[in-house]
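Single-letter residue listing:
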Amino acid sequence: MTQDELKKLVAQAALNYVEEGSILGVGTGSTVDFFIDALKASGKNVPACVSSSVRSTKKLQALGYKVLDLNEVDEISVYVDGADEINPSFDMIKGGGGALTREKIVASVSKKFVCIADASKKVDVLGRFALPVEVIPMAVRAVAGKLRALGGDPVERDFTTDNGNRILDVRGLQIVDPKAMEATVNAIAGVVTVGLFAQRGADVLLLGTPEGVKTFIR
C-alpha cells in the first residue's frame with residue numbers, strides 16, 4: 001500500500017471517535033486532510049469545529065463546516081491530528097506543517113487526543129525527524145545558539161507561521177526524555193513553543209500498516 005492509502009485508512013478509522021453533536025477539534029497536515037474528506041463523506045453530525053490552522057479552517061469551511069474560535073468554546077471532546085513522529089509512550093514530534101503552537105493549544109483543552117499516522121511515523125526514540133521550534137522573529141539567532149548548546153543543529157525554515165513567527169528545525173537530537181526536553185526548550189527566551197507533545201501526548205494512536213489499522217490506547 002502507498003503512504004497515501006495508509007493515511008486514508010487511519011483517517012477513515014478516526015471517524016469512530018467522532019462524537020456526533022459535539023464540537024470537534026481538527027488538526028493540520030496531509031493525513032488530517034484525508035480525515036476532513038472522510039468526515040464530510042460520512043455525514044456525521046458535527047455542529048462546529050475548532051481548527052489548528054488557517055489551512056484546515058479553509059478546507060473545513062469549503063466543505064460547509066462552521067469553524068469556531070477557541071475562545072468561543074468551553075470544551076472539546078475529541079481532537080484528531082497527525083504526527084511527524086510518535087514513540088511507544090505516545091510522545092510526539094509535530095510541526096512539520098508549521099502549525100505546532102495552535103495544535104498544542106487545541107490539544108491541551110481536548111478531553112481525548114486521537115493521533116492518526118502511517119507506520120513510518122512510529123519510532124523508538126524521537127529525533128530522526130527535525131524538531132520544529134516556533135520562535136519570535138527577533139530571537140531567531142539567540143534561540144539558535146541555545147539550541148546548539150543542547151546538541152542540536154538548528155536551521156531556519158523559509159516559512160512564517162499563522163502567528164507571524166519563524167520556525168527553527170533542529171536536527172541531530174536523540175530525544176530520550178521528551179518531557180524534560182520540552183520543558184527545557186520552552187524555557188528559552190524567545191521560544192513560543194517546541195514541537196514536542198509530551199506533556200500532553202496522544203491518548204489513542206491509529207496506525208496505518210500494510211496489515212490494516214492498528215489501534216493503541218495509552
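Worth saying up front: this structure is predicted, and the values here are computed from it rather than measured. The written sequence of each chain sets the order in which its residues are numbered from 1. For a predicted model such as this one, the threshold for reporting local features is a pLDDT of at least 70, and the threshold for listing and counting side-chain atom pairs is 80 or more; totals across whole chains, interfaces and linings nevertheless cover every residue. In computing side-chain values, all of the structure's heavy atoms are included and hydrogens and water are not.

Enquirer: How should I be thinking about the packing of aromatic side chains in this particular structure?
Expert: One pair of aromatic rings is described through two measures. These are the centre distance and the angle between the planes. Two rings from Phe, Tyr or Trp (for Trp, the six-membered ring) form a pair when their centres sit within 6.5 Å of each other. Planes less than 30 degrees apart are called stacked, planes more than 60 degrees apart edge-to-face, and all others tilted. Counted according to the given criterion, the structure contains one aromatic pair. Aromatic side chains Tyr-79 and Phe-113 sit 5.0 Å apart centroid to centroid with 55° between the ring planes, which places their arrangement in the tilted category. Placement of Tyr-79 in strand S4 (residues 76-81) and of Phe-113 in strand S7 (residues 110-118) is noted, with a sequence separation of 34 residues between them. Partly exposed residues are those whose accessible area sits between 20% and 50% of the maximum for their type, while under 20% is buried and over 50% is exposed, using a 1.4 Å probe and protein chains only. Take Tyr-79: its relative accessible area is 0%, and that puts it in the buried class. Residue placement shows Lys-40 over the ring face of Tyr-65; its charged tip is 5.7 Å from the ring centre. Strands are runs of DSSP state E lasting at least two residues, helices are runs of H or I lasting at least four, and both sets are numbered from the N terminus onward. Charge-over-ring contacts are defined here by two conditions on Lys NZ or Arg CZ: a distance within 6 Å of the ring centre and an angle within 35 degrees of the ring normal.

Enquirer: Mind showing me how you'd approach the sheet that holds strand S13 (residues 204-209) here?
Expert: Think of a sheet as strands paired side by side through backbone hydrogen bonds, with each pair either parallel or antiparallel. Two strands qualify as a pair provided DSSP detects at least 2 bridges between them. In spatial order, the strands read S3-S2-S1-S4-S7-S13-S14; together these seven strands make up an open sheet with mixed pairing. Since the sheet does not close on itself, it has two edges, and those belong to strand S3 (67-68) and strand S14 (212-217), each with one partner. Inspection of the sheet shows strand S2 (residues 49-51) paired to S3 by two bridges, in the parallel sense. Directly across from Cys-49, in S3, lies its bridge partner Val-67. Note on contacts: a residue pair qualifies if any of its non-hydrogen atoms lie within 4.5 Å across the two residues. Axes here refer to lines fitted to C-alpha atoms; in helices the fit is confined to the stretch in contact. Angles between the N-to-C directions go from 0 to 180 degrees. Each of S7, S13 and S14 is contacted by helix H1 (residues 3-13), which is oriented at about 145° to S13, the strand it contacts most.

Enquirer: I tried to follow the side chain of Ser-52 on my own but got confused; where do I start?
Expert: Within the secondary structure, Ser-52 is located in the loop between S2 and helix H3 (54-62). Of the polar contacts made by the side chain of Ser-52, one reaches the side chain of Thr-28; its length is 2.6 Å. Leave out the neighbours within four places in its chain, and Ser-52 touches Val-26, Gly-27, Thr-28, Tyr-79, Ala-99, Arg-102, Glu-103 and Val-106. Polar contacts, as counted here, are pairs of nitrogen or oxygen atoms within 3.5 Å of one another; within protein the pair requires one atom able to donate a hydrogen and one able to accept it, and residues that are adjacent in sequence qualify only if both atoms are side-chain atoms.

Enquirer: I tried to follow the pairing of strand S9 (residues 153-160) on my own but got confused; where do I start?
Expert: Every regular strand shows the same layout, with side chains that alternate between the two sheet faces. Examined bridge by bridge, S9 and strand S10 (residues 166-171) share five bridges and lie antiparallel to one another. Bridged to Val-155 within S10 is Asp-169. With antiparallel pairing between neighbouring strands as the criterion, S9 and S10 make up a hairpin whose turn holds five residues, including Gly-164 at a positive phi of roughly 85°.

Enquirer: In this structure, what is going on with the pattern of salt bridges? I would like to understand it.
Expert: Should a side-chain nitrogen of Lys or Arg be within 4 Å of a carboxyl oxygen of Asp or Glu, the pair is scored as a salt bridge. This structure, assessed with the given rule, holds 13 salt bridges. Among the ionic pairs, Lys-104 bridges to Glu-182, the shortest N-O distance being 2.9 Å. Remark: Glu-182 occurs in helix H6 (residues 178-186) and Lys-104 occurs in helix H4 (residues 100-108); sequence separation between them is 78 residues. In terms of burial, Lys-104 and Glu-182 fall into one category: buried. Lys-121 is paired through a salt bridge with Asp-118; the nearest N and O atoms lie 2.7 Å apart. The burial state of Lys-121 is the same as that of Asp-118; both residues are buried. Through salt bridges that share partners, Asp-81, Lys-94 and Glu-103 make up one connected network.

Enquirer: Can you help me understand a nonpolar patch on the surface in this one?
Expert: Each patch is built from residues that are more than 30% exposed by relative accessible area and take part in no salt bridge. Like charges join if they lie within 9 Å; nonpolar side chains (Val, Leu, Ile, Met, Phe, Trp, Tyr) join within 5 Å. Residue-level accessible areas treat just the shown protein chains as cover; the underlying method is Shrake-Rupley with a 1.4 Å probe. Side chains of Met-1, Leu-9 and Val-213 sit close together on the surface and give an oily, nonpolar patch of about 240 Å² of accessible area. Take Leu-9: it is sitting in helix H1.

Enquirer: For this particular structure, what's the right way to read the packing of helix H2 (residues 30-42) against H3?
Expert: When two helices pack together, their arrangement is given by the angle between the helix axes and by the axis-to-axis distance. Following both chains from N to C, one finds H2 and H3 inclined at 20°, their axes separated by 10 Å at the closest point. Here H2 is positioned roughly parallel relative to H3, judged by the angle of their axes. For the pair H2 and H3, the crossing hand works out as right-handed. Along the contact surface, H2 presents Ser-30, Val-32, Asp-33, Ile-36 and Asp-37, while H3 presents Arg-55, Ser-56, Lys-59 and Leu-60. Per-class residue counts for the contact of H2 with H3 are three nonpolar, two polar and four charged. The labels follow the angle: roughly parallel below 35 degrees, roughly antiparallel above 145, roughly perpendicular from 65 to 115, and oblique for the rest. Left-handed describes a crossing whose near helix is turned anticlockwise from the far helix through less than a right angle; right-handed describes the clockwise counterpart. Polarity classes work like this: nonpolar for Ala, Val, Leu, Ile, Met, Phe, Trp, Tyr, Cys and Pro, charged for Asp, Glu, Lys and Arg, and polar for all others, with Gly in that last group.

Everything listed is a geometric property; what it means functionally is a separate question.
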